[in-house]
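As a plain string of letters, each chain reads:
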Amino acid sequence: MSDLLDLSLRAQIRALDKREVSAVDLVRGILDRIERRDAYLKSVVHLDPRALETARRWDDMAPDDRPPLAGLALGVKDILDVAGAPTRCGSHAHAAVADKDAASVSLLRDAGMVPLAKLATYEYALTGPAWDQPNPPARNPWNTAHITGGSSSGSAAAVAGGLLRVALGTDTGGSIRAPAAYCGIVGLKPTNGTVPEAGCFPLAPSLDVIGPLAACVDDAALIMQLLAPQSHAARRIGHGINDLRIGYARDWFATDPACDPALLRAMDDAAATFSMLGARIDLIELPAYQPLEAAGSVILQSEAWQIHRAALAQRWTRYGVDARRNLVTGAVVRDAHVGAARRVAAGFGQRVTEHLATYAALLAPTTLGPAPRFTDFEDGPVWTAMRTLPFNISGHPALSVPCGVSETGLPLGLQLIGRHGAEEMLCRIGHAYEQAGPNMACPPVDRPRTPD
């Protein structure tokens, strides 16, 4: 059973169809792993007591009558509603039992998945790890002294730690992709507006996107295709990338002082791998990063303040300290600031779209180094170097895929950016890279590594 839990969703489906294993067996195996491993991962905040009953119903149904992913387990970030389960958004200020599934969860439940676990998030998908929230921060399976990244922290820890093959997360400024990179898994931010958002507590609605974190590209593509059938995300998995053109935005990060030397080597190696797979790699230029991050931050803070201002006035002390400090910055953002930020966003989006008229995808890092330590956050949130937020303000889809390990033994991730609606192409390219070689080892999930 243990080995089966580590196989792809497709392999698990085949085993279920052949009656080599039951859905109940799979769910029991996952619950056993959660009991053994989550004591140190801290990724799960709620387990569905009906999970075994749901799995049993799928077992009682003939294979030909079952939906495509019947009996497979799903994790859900705790800002998405799951019927009958509490939605806490990682905050003492928010606690409500959902009466129905979020639209994204409903799509996957209809496909037969079992929403087994609600997973940790940073408070309201804000800031970073904090210790004044209902649950302790999720920990990185590669080294529990390090963060998972946020805000889909529990989703990344659960997948990287082998508890689940796939989990839903949300991405407003990189909150799917950064945890994926820090934890050595795959994270897909769809095109803005592609996945229905009903039942997800918003952070910044014009930037928010729901998408999968997964153990491999094919798993992510299968989930994406169910969330947005028009994406055809899994249709061309395995087709190869011969004669595709990829634009490598090397100058966008290579001279940044925050860029880890191991990350630069890994990115250059990745570009070489794409070339050996038959793609043509060209160096491209993107606009300076810092103004883009500043513009995205203005938009995010303004929208988040509008969402939380009334609740803050009523429940100020129920919010965590870091969340309060973060949210009130939006109070000083004026319409003129937001207008200027949206003009920057539009200009960047146009530039990316122009590149993608020539290239099948753009190549950039996800983060500029490995996951920081928890001790870095003892005095509150700290800035971490990423290359994610610009693609939230432009709306382009982006796929984070592991690309190696840093000198500290922690994962690194690359990012592929595609045309609007081009999740199919990103998954095709990402899968080809993933299959090309051992770009990632496995974390020591049963014996977590901690500093001496």
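This write-up is about the structure you can find in this document. All values reported here derive from a predicted model rather than from experimental measurement.

A short note on the overall build of the protein
Turning to step 1, where the next piece is worked out: Counting secondary structure elements, the protein contains 14 helices and 13 strands.
Turning to step 2, where the next piece is worked out: Since a compact globule built from 452 residues should have a radius of gyration of about 22 Å, the 20 Å found for the protein is in line with a globular shape.
Turning to step 3, where the next piece is worked out: Judged by the C-alpha coordinates and their principal axes, the protein covers about 60 × 55 × 50 Å.
Turning to step 4, where the next piece is worked out: Across the 452 residues that make up the protein, the buried fraction comes to 62%.

Some thoughts on unusual backbone geometry
Working note: non-glycine residues mostly have negative phi, and peptide bonds are mostly trans.
Turning to step 1, where the next piece is worked out: Across the junction of G150 and S151, the peptide omega takes the value 5 degrees, indicating a cis bond.
Turning to step 2, where the next piece is worked out: The backbone of K42 sits at a positive phi, close to 55 degrees, despite the residue not being glycine.
Turning to step 3, where the next piece is worked out: The residue K42 is located in the loop between helix 3 (23–41) and strand 1 (44–47) in this model.
Turning to step 4, where the next piece is worked out: With a relative accessible area of 32%, K42 lands in the partly exposed category.

Quick word on the environment of L213
Turning to step 1, where the next piece is worked out: Counting through the fold element by element, L213 comes out in strand 8 (residues 209–214).
Turning to step 2, where the next piece is worked out: Between the C-alpha atoms of L213 and S302, which are 89 residues apart in sequence, the distance is 27 Å.

Details of helix 6 (residues 153–160)
Turning to step 1, where the next piece is worked out: Of all eight residues in helix 6, eight are buried, a share of seventy percent or more.
Turning to step 2, where the next piece is worked out: For helix 6, every residue scored as buried is listed here: S153, G154, S155, A156, A157, A158, V159 and A160.
Turning to step 3, where the next piece is worked out: Of the surrounding elements, those touching the buried residues of helix 6 are helix 3, strand 2 (73–77), strand 5 (114–119), strand 6 (166–171), helix 7 (177–183) and strand 8.
Turning to step 4, where the next piece is worked out: Following helix 6 by one or two positions, G162 has its phi on the positive side, about 80 degrees.

Points about helix 2 (residues 9–17)
Turning to step 1, where the next piece is worked out: Listing the buried residues of helix 2 in full gives L9, A11, Q12, I13, A15 and L16.
Turning to step 2, where the next piece is worked out: Backbone geometry just downstream of helix 2 places R19 in the positive-phi region, at approximately 60 degrees.

Looking at the pattern of salt bridges
Turning to step 1, where the next piece is worked out: One pass over the structure, following the stated rule, counts 19 salt bridges.
Turning to step 2, where the next piece is worked out: In this structure, D218 and R10 form a salt bridge, with 2.5 Å as the shortest nitrogen-oxygen distance. In this pair, D218 sits in helix 8 (residues 217–227) while R10 sits in helix 2, placing the two residues 208 residues apart along the sequence.
Turning to step 3, where the next piece is worked out: Judged by relative accessible area, D218 falls into the buried class, the value being 9%.
Turning to step 4, where the next piece is worked out: By relative accessible area, which is 32% here, R10 ends up partly exposed.
Turning to step 5, where the next piece is worked out: Among the ionic pairs, R265 bridges to E407, the shortest N-O distance being 2.9 Å. With R265 in helix 9 (residues 261–276) and E407 in the loop between strand 12 (398–405) and strand 13 (411–417), the pair connects residues that are 142 residues apart, well separated along the chain.

Concerning the pairing of strand 8
Turning to step 1, where the next piece is worked out: Of all six residues making up strand 8, six are buried, and the element is well covered by its neighbours.
Turning to step 2, where the next piece is worked out: Relative to strand 8, strand 6 runs antiparallel, the two sharing six bridges. The partner of L168 across the bridge, within strand 8, is P212.
Turning to step 3, where the next piece is worked out: Examined bridge by bridge, strand 7 (residues 186–189) and strand 8 share two bridges and lie antiparallel to one another. Paired with V186 across the bridge in strand 8 is A214.

Some details on the side chain of R324
Turning to step 1, where the next piece is worked out: Note that R324 resides in helix 11 (residues 321–328).
Turning to step 2, where the next piece is worked out: A polar contact is formed between the side chain of R324 and the backbone oxygen of W316, at a distance of 3.4 Å.

Quick word on the sheet that holds strand 11 (residues 361–365)
Turning to step 1, where the next piece is worked out: Pairing is mixed across the open sheet formed by 11 strands, whose spatial order is 1-5-2-6-8-7-12-13-11-9-10. Each having just a single partner strand, strand 1 and strand 10 (280–283) make up the two edges of the open sheet. Strand-to-strand, the axes of this sheet are offset by a mean angle of 30 degrees, without reference to chain direction.
Turning to step 2, where the next piece is worked out: Sheet topology note: the strand 1/strand 5 ladder contains three bridges and is antiparallel. Bridging from a neighbouring strand, V44 pairs with L119 of strand 5.
Turning to step 3, where the next piece is worked out: Contacts between helix 9 and the sheet are confined to strand 9 (245–248), strand 10, strand 11, strand 12 and strand 13, with strand 13 contributing the most and set at about 50 degrees to the helix.
Turning to step 4, where the next piece is worked out: Across the sheet, helix 14 (residues 423–436) lies against strand 7, strand 9, strand 11, strand 12 and strand 13, angled at about 10 degrees from strand 12, the strand it touches most.

Reading the values: rules and limits
Residues numbered from 1 in each chain as written. Predicted model: local features only at pLDDT ≥ 70, side-chain atom pairs only at ≥ 80, totals over all residues. Heavy atoms only, no water. Helix = DSSP H or I, 4+ residues; strand = E, 2+ residues; numbered from the N terminus. Rg over C-alpha atoms; globule rule 2.2 N^0.38 Å. Buried < 20%, exposed > 50% of the residue type's maximum accessible area, 1.4 Å probe, protein only. Contact = heavy atoms within 4.5 Å. Salt bridge = Lys/Arg side-chain N within 4 Å of Asp/Glu carboxyl O. Pairing = 2+ DSSP bridges. Polar contact = N/O pair within 3.5 Å; in protein donor to acceptor, adjacent residues only side chain to side chain. Axes fitted to C-alpha atoms, helices over the stretch in contact; angles between N-to-C directions.

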